[in-house]
Amino acid sequence: MIGKDLLGLKGLSKETISEILAEGSKMRDLLDQGEKDFNTLKGKNITTLFYENSTRTMTSFSNAGKFLGATVSNLAVGSSSVKKGESLIDTGETLDALNTDLIVIRHSTSGAPKFLADHVKAKVVNAGDGMHEHPTQALLDMLTMKRYFGKIEGLTVAIVGDVKHSRVARSNVYGLTTMGAKVRLFSPSTLQATDIDKTGNVTVHTDLREAIEGVDVVMGLRIQLERQQQGLFPSLSEYFKYYGVKESDLKYIAKNGIIMHPGPVNRDVELSSGVIDGANSHILDQVSNGLSVRMAILKLMLGGR
Ligand code: CP
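Quick summary incoming for the structure in this document.

Conventions used here
- Residues numbered from 1 in each chain as written.
- Predicted model: local features only at pLDDT ≥ 70, side-chain atom pairs only at ≥ 80, totals over all residues.
- Heavy atoms only, no water.
- Helix = DSSP H or I, 4+ residues; strand = E, 2+ residues; numbered from the N terminus.
- Rg over C-alpha atoms; globule rule 2.2 N^0.38 Å.
- Buried < 20%, exposed > 50% of the residue type's maximum accessible area, 1.4 Å probe, protein only.
- Contact = heavy atoms within 4.5 Å.
- Areas by Shrake-Rupley, 256 points an atom, 1.4 Å probe, with all protein chains shown as cover.
- Lys, Arg positive; Asp, Glu negative; His and termini not counted.
- Charge placed at Lys NZ, Arg CZ, Asp CG, Glu CD.
- Polar contact = N/O pair within 3.5 Å; in protein donor to acceptor, adjacent residues only side chain to side chain.
- Axes fitted to C-alpha atoms, helices over the stretch in contact; angles between N-to-C directions.
- Left-handed = near helix turned anticlockwise from the far one by under 90°.
- Nonpolar A, V, L, I, M, F, W, Y, C, P; charged D, E, K, R; others polar.
- Near = heavy atom within 4 Å.
- Salt bridge = Lys/Arg side-chain N within 4 Å of Asp/Glu carboxyl O.
- Parallel < 35°, antiparallel > 145°, perpendicular 65-115°, else oblique.
- Pairing = 2+ DSSP bridges.

Regarding the overall build of the protein chain
- In terms of helices and strands, the protein chain carries 10 helices and nine strands.
- Taking 19 Å as the expected radius of gyration for a compact globule of 305 residues, we find that the protein chain reaches 19 Å, a close match to that expectation.
- Within the protein chain, buried positions represent 55% of all 305 residues.
- The long-range share in the protein chain, meaning contacts at least 24 apart out of those at least 6 apart in sequence, stands at 76%.
- Carbon together with sulfur atoms contributes 49% to the accessible area of the protein chain, which is approximately 13,200 Å² in total.
- A distance of 2 Å separates the average location of the 36 positive side-chain charges in the protein chain from that of its 34 negative side-chain charges.

Digging into the environment of glutamate 23
- By the secondary structure assignment, glutamate 23 is in helix H1 (residues 14-32).
- Take glutamate 23: its relative accessible area is 10%, and that puts it in the buried class.
- Each C-alpha atom, one on glutamate 23 and one on serine 73, is 24 Å from the other, the two residues being 50 residues apart in sequence.
- What glutamate 23 contacts, discounting residues up to four positions off in sequence, is Ala296, Lys299 and Leu300.
- Within polar-contact distance, the side chain of glutamate 23 engages the side chain of lysine 299 at 2.8 Å.

Here's the deal with the packing of H1 against helix H10 (residues 283-302)
- At a minimum axis separation of 8 Å, H1 and H10 run at an interaxial angle of 120°. Of the two possible hands of crossing, H1 and H10 adopt the one that is right-handed. Across the interface between the two elements, Glu19, Ile20, Glu23, Gly24, Met27, Arg28 and Leu31 of H1 pack against Asp285, Ser288, Asn289, Leu291, Ser292, Val293, Met295, Ala296, Ile297, Lys299 and Leu300 of H10.
- Of the residues belonging to the contact of H1 with H10, the class tally is nine nonpolar, four polar and five charged.

Points about the environment of glutamate 247
- Checked against the element boundaries, glutamate 247 lands in the loop between helix H8 (236-243) and strand S9 (258-260).
- Given the relative accessible area of 46%, glutamate 247 is considered partly exposed.
- Sequence separation of glutamate 247 and isoleucine 105 is 142 residues, and the distance between their C-alpha atoms is 37 Å.
- If sequence neighbours within four positions are ignored, glutamate 247 has contacts with Ser272, Gly274 and Val275.
- A distance of 2.7 Å separates polar atoms of two side chains, one belonging to glutamate 247 and the other to serine 272.

Here's the deal with the site of the ligand
- Lining the immediate environment of the ligand, one finds Ser54, Thr55, Arg56, Thr57, Arg106, His134, Gln137, Pro262 and Gly263.
- Arginine 56 is positioned such that a nitrogen or oxygen atom in its side chain is 2.7 Å from an oxygen atom of the ligand.
- Within the side chain of histidine 134, one N or O atom sits 2.9 Å away from an oxygen atom of the ligand.
- When the ligand is considered free in solution it has 260 Å² of accessible area, and contact with the protein chains removes 92% of it.
- Among the residues making up the shell around the ligand, the classes are represented as one nonpolar, six polar and two charged.

Quick notes on the pattern of salt bridges
- In total, this model carries 12 salt bridges according to the counting rule given.
- The salt bridge partner of aspartate 118 is lysine 114, with a shortest N-O separation of 2.9 Å.
- Overall, the relative accessible area of 45% leaves lysine 114 in the partly exposed class.
- Several salt bridges converge on common partners, so that one network encompasses Glu23, Lys26 and Lys299.

Observations regarding the packing of H1 against helix H5 (residues 135-149)
- Look at H1 against H5: their axes get within 10 Å of each other, and the N-to-C directions meet at 70°. As the angle between them shows, H1 and H5 are arranged roughly perpendicular. Counted together, Ile17, Ile20, Leu21, Gly24, Ser25, Arg28, Asp29 and Asp32 of H1 and Leu139, Met142, Leu143 and Arg147 of H5 form the full contact between these two elements.
- Of the residues in the contact of H1 with H5, the class split is six nonpolar, two polar and four charged.

Describing the environment of leucine 49
- Secondary-structure assignment places leucine 49 in strand S1 (residues 45-50).
- It is 10 Å that separates the C-alpha atoms of leucine 49 and leucine 88, two residues lying 39 residues apart in sequence.
- When neighbours within four sequence positions are excluded, leucine 49 is seen to be in contact with Leu75, Val77, Leu88, Thr91, Leu95, Ile103, Val104, Ile105, Arg106 and Leu116.

Some words on the sheet that holds strand S5 (residues 156-160)
- Here we have five strands laid out as an open sheet, ordered S7-S6-S5-S8-S9, and parallel in their pairing. With one partner strand each, in any of the chains shown, strand S7 (202-205) and S9 form the two edges of the open sheet. Mean inter-strand twist for the sheet, computed between neighbouring axes without regard to direction, equals 20°.
- Relative to strand S6 (residues 182-186), S5 runs parallel, the two sharing five bridges. The residue of S6 that forms the bridge with valine 157 is valine 183.
- Sitting on the sheet, H5 is in contact with S5, strand S8 (217-220) and S9, with an inclination near 165° to S9.

All we've got here are geometric facts, nothing functional implied.
Given below as structure tokens:
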């Protein structure tokens, strides 16, 4: 059971994650058969409230709600009363008064979704908050692994790049370790996270080859220039040279290993174009699973049939 809100994967049980992934996998099968017209959430209203830019998350939540038969309002924050100084709580209470059943929120401040959830009647889903969590991204990542490998337990996943600023990395560490996978974190020393518990199934690496040797999954992370103070690495070209994953690195990963990236990707910075577009790449499969897993979450949270 997800509960009223979905704010993060820290503390979410293995049973709940498994339930979401099982429902997400069913949704993916139906979507692959061309089904995208369900009555499951008829009569429900979903509002997306994105204070930060998004292509994948906002579009997939919006499509997920519409495919399930809900009405979906995408609040354009840039042209809303937020621009006149309206507070987050006042915006949330306004959406409550407009009969919104569920709010999907992305915000640059860690904790903003919880703050909103504590003040509104509507259910709240965190679509990414600051450097904190991006739970639905990690769920779609795990669905991608589960559908390809048939399991998550026992996999080794190398998360490579800007770990320090990454909410995707944090949610994946919580979710993957709950599901019994091992996680290796690789980044320049200036982009390592100090708040992630590195005991047990999480190890930290500063050598790329050591980090990806024999792994089932290499997950690249976007360099988040918007969250960085200047000077954490010399230049993007030097970052790629020393820390980027290139075709020549793929020989070190497991024979049936795959490449993932949450997107948007900076080509030839985190991953080479050859790796992004190569046979091992599951980046677009992740996007499709994002739609499936968000349909599953909306259905489970809004009690649809
Ligand atoms: N992965 C992800 O959150 O992508 P968007 O920023 O496009 O939503």
